[in-house]
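Structural characterization, general
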Amino acid sequence: MWRWFHRLGSPRWFYQTSGRWLPWLAVLTLALLVIGTLWGLAFAPEDARQGNSFRIIYIHVPVSFLALAGYYVMAVAGAVNLIWRIKLADMVMTAAAPLGAALTFLALFTGAIWGKPTWGTYWVWDARITSMLVLLFLYLGVVVLRNSFSGRDTAGKACAILALVGTVNIPIIYKSVDWWFTLHQPATIKLSGAPSMHPDMFKPLLVMILAYYCFYALVLILNTRTEILHRERRTAWVNDLAVSELAVTELTSNEQ
Amino acid sequence: MTEALRTPASQQAVQERLPPELLPPGEGFVGILKRDLLLAFRHRGELANPLIFFIMVTALIPIAVGPQKALLSQLAPGMIWVMALLGTLLSSDSLFQSDYADGTLEQLIISPQPLWLLVLAKISAHWLVTGLPITLAAPILGLMLALPEAGYATLVLGLAMGTATFSLFGAIGAALTVALRKGGVLLSLIVMPLYFPVLIFGSAAVQRVVDGGSAGAPLALLGAVFAFALLLSPFATAASLRAGING
Amino acid sequence: MNIQFDGFYFESLAEFFAMGGHATYVWGAYGVALVVMVWLVVRPLLRRASILNELRQNLKKRQHSLYEESR
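About the criteria used
Residues numbered from 1 in each chain as written. Chains lettered and ligands numbered in written order. Predicted model: local features only at pLDDT ≥ 70, side-chain atom pairs only at ≥ 80, totals over all residues. Heavy atoms only, no water. Helix = DSSP H or I, 4+ residues; strand = E, 2+ residues; numbered from the N terminus. Buried < 20%, exposed > 50% of the residue type's maximum accessible area, 1.4 Å probe, protein only. Contact = heavy atoms within 4.5 Å. Areas by Shrake-Rupley, 256 points an atom, 1.4 Å probe, with all protein chains shown as cover. pLDDT = per-residue confidence, 0-100. Salt bridge = Lys/Arg side-chain N within 4 Å of Asp/Glu carboxyl O. Polar contact = N/O pair within 3.5 Å; in protein donor to acceptor, adjacent residues only side chain to side chain. Nonpolar A, V, L, I, M, F, W, Y, C, P; charged D, E, K, R; others polar. Phe/Tyr/Trp six-rings, centres within 6.5 Å; stacked < 30°, edge-to-face > 60°. Lys NZ or Arg CZ within 6 Å of the ring centre and 35° of its normal. Expected span 1.5 Å × (residues − 1). Bend = angle between axes of the 7 residues up to and from the residue. Core = buried A, V, L, I, M, F, W, Y, C linked by side-chain atoms within 4.5 Å. Buried area = accessible area lost by both parts, 1.4 Å probe.

Along chain A, the regular secondary structure elements total 9 helices and 0 strands. Traced from its N-terminal end to its C-terminal end, chain A shows the element sequence α-α-α-α-α-α-α-α-α. Relative to its full complement of 256 residues, chain A shows a buried share of 54%. Considering only residue pairs separated by 6 or more positions, chain A has 80% of its internal contacts joining residues 24 or more positions apart. With the model as given, the accessible surface of chain A reaches about 12,100 Å², and the carbon-plus-sulfur share is 67%.

Below you can see the structure in the form of structure tokens.
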């Protein structure tokens, strides 16, 4: 058990193992994304009230899920780094922050586009949208804090603390925003809670949620691997890797 | 000035009596509190900054939106709260700055007294010199912005808890950014999301009373957020200081 | 073109692209999502290539000394 734990913390071991799984994960992600997108765009029936604009749900909802889940991934990685001083956890955290910020942005953006045909306006100060905006701020805080430190260990610890403080505050922020919204809810805009979806609409959504979980894992692993290479670039094994992948890098640098 | 840093009367007395590890934890708290208040008192110009900011910027609002009384009284609760938030936020930046610059912070960290308690003392001092004056000045601004009469007591009570919560959360941000040269803007970004609940409950409380309702629920929620911050912040701030300085 | 898939919701491909008048929104959202997602995947790959490239160049420069170090 402890040997396994120890090995899990080794960046080199992670790099090599994840390298073996990566192609399969990439294929699975792509397949799920293609199936889900086609199903959602072309085969699911349109919504009776919203028409075809409801098809944005197949991006918006999975992305929102992962934007929120990603914050917990980041915070847990930070906590692991703080408690057990596992460097790999800090690399995962470094990888998770910009990814989460991008997904939160995407959730806000698709939500805004969806809002235009549905509510007639791009931006509504709705509870969920406002919470998402706060989440974006929380992510950006971690990203910027990470970049402003010169010492890597200090940056890792500081970001971990910030992420944990954010985590315990997220429920409070969400509840308060919820409360605030019920207080100010304008009469003209009635946001129905999720009405029971028709199975024909719901099945592609499930596929898309699964697809985006795979996508998140894929990008997180890609980012972590790059971070590993960057931090371990003075070690022998990374240098060996650079030599053995000489042909590949030659190819990409020629393309650029 | 450095003289004032080294020999506040209380600290000297403390040092003469016992070695620090034998002192009860309360001594450290009182010592830091007295020292910070004394320092703030000696720099009265800086002391007044957040307050002046609070008053001046609030005075800009009627200039910007027009002097109609109905409009102003509608905006008043929210505006006063936002300005109190900004006033506290601006001053949070300097919470650990001078202590970091002259090495006092390192002394605090290695001292045998529990760091979270010393941090709490610093936060308390910060609130006494920024949050409290803002709270006390708020009714004057309420008058200027035509806040309906019913709102004043709630405004003051809410701001007392709210500015304390701002100071508590601000301390976390200040500790995380203390070693950075351009910490100010970053501090705002880090701390702002944590301020959301306070702003929501605080301004809603005033709004409710003005509208003829009861402010009980939002004030109670505000108190809960304050209690939560009081539990969380000293430890998070102490951890941040350790991480930011040792690392 | 009039391809009929089993269960294809739209009458024709043209209608599919029109999205019942909501084409801008639907295709806009999917387009932005595609751009962001491709960027998310490409960014670490580019960075990886540049790291390895840099290492390779360093290796070329001081091949001998590095050989000693890695011993």
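A word on the confidence of the model for chain A. Residue and element names in this part refer to chain A. Averaged over every residue, the pLDDT of chain A is 84; residues scoring 70 or more account for 87%. Averaged pLDDT values for the elements of chain A fall to 55 in helix α9 (residues 246-255) and rise to 92 in helix α3 (residues 57-84). Contacts of residues 187-193 to residues separated by more than four positions or lying in other chains number 5 contacts, the stretch itself having pLDDT below 50.

Turning to the interface of chain B and chain A, a few remarks are in order. In this assembly, 27 residues from chain B lie in contact with 25 residues from chain A. There are 0 salt bridges connecting chain B and chain A. Across the contact surface, chain B and chain A share 0 residue pairs in polar contact (both at pLDDT 80 or more). Per-element accounting of the side of chain B that touches chain A gives the leading share, 11 residues, to helix α10 (residues 183-210) of chain B. A class-by-class count of the residues in the side of chain B that touches chain A yields 22 nonpolar, 4 polar and 1 charged.

A few words on the packing of aromatic side chains. For the coordinates displayed, the defined rule picks out 10 aromatic pairs over all chains. Between W81 of chain B and F166 of chain B, the ring centres sit 6.1 Å apart and the planes meet at 80 degrees, which makes this aromatic pair edge-to-face. Of the two residues, W81 of chain B sits in helix α5 (residues 69-92) while F166 of chain B sits in helix α9 (residues 152-177), which places them 85 residues apart along the sequence. Of the aromatic side chains, those joined through ring pairs into one cluster are W81, F166 and Y195 of chain B. When the ring centre of Y15 of chain A is taken as reference, the NZ or CZ atom of R225 of chain A above it lies at 4.0 Å.

All right, on to α5 of chain B then. Here α5 of chain B is 24 residues long and its end C-alpha atoms lie 33 Å apart, about the 34 Å a rise of 1.5 Å per residue gives. The sharpest bend along α5 of chain B comes to roughly 50 degrees, located at A76 of chain B, with the proline P77 of chain B sitting one to four residues further on.

On to the nonpolar core. One recurring pattern in soluble globular proteins is that nonpolar side chains are buried together. In terms of nonpolar packing, the biggest core is built from 155 residues, with Y58, Y71, M74, L145 and Y212 of chain A together with F54 and F96 of chain B touching the most fellow members. Beyond its immediate stretch of four places on either side in the chain, L145 of chain A contacts A158, C159 and L162 of chain A together with L176, T177, L180, L186 and I190 of chain B. Membership of the second largest hydrophobic core comes to 15 residues, among which are A89, L229, L241 and A242 of chain A.

All names here are of chain B. Among the structural elements, G162 can be located in helix α9. On the accessibility criterion, G162 (0% relative accessible area) is buried. Taking the C-alpha atoms as reference points, G162 and Q68, 94 residues apart in sequence, are found 28 Å from one another.

Okay, the interface of chain C and chain A next. Counting from both sides, the interface comprises 37 residues of chain C and, opposite them, 52 residues of chain A. For the pairing of chain C and chain A, the buried interface totals around 3,900 Å² over both sides, and the portion due to carbon and sulfur atoms is 73%. Summed over the shared surface of chain C and chain A, the number is 1 salt bridge. Among the salt bridges present, the one from R47 of chain C reaches E227 of chain A, with a minimum N-O distance of 3.3 Å. Summed over the shared surface of chain C and chain A, the result is 4 residue pairs in polar contact (both at pLDDT 80 or more). For the side of chain C that touches chain A, the element with the highest residue contribution is helix α2 (residues 23-61) of chain C, accounting for 25 residues. Among the residues forming the side of chain C that touches chain A, the class breakdown is 26 nonpolar, 6 polar and 5 charged.

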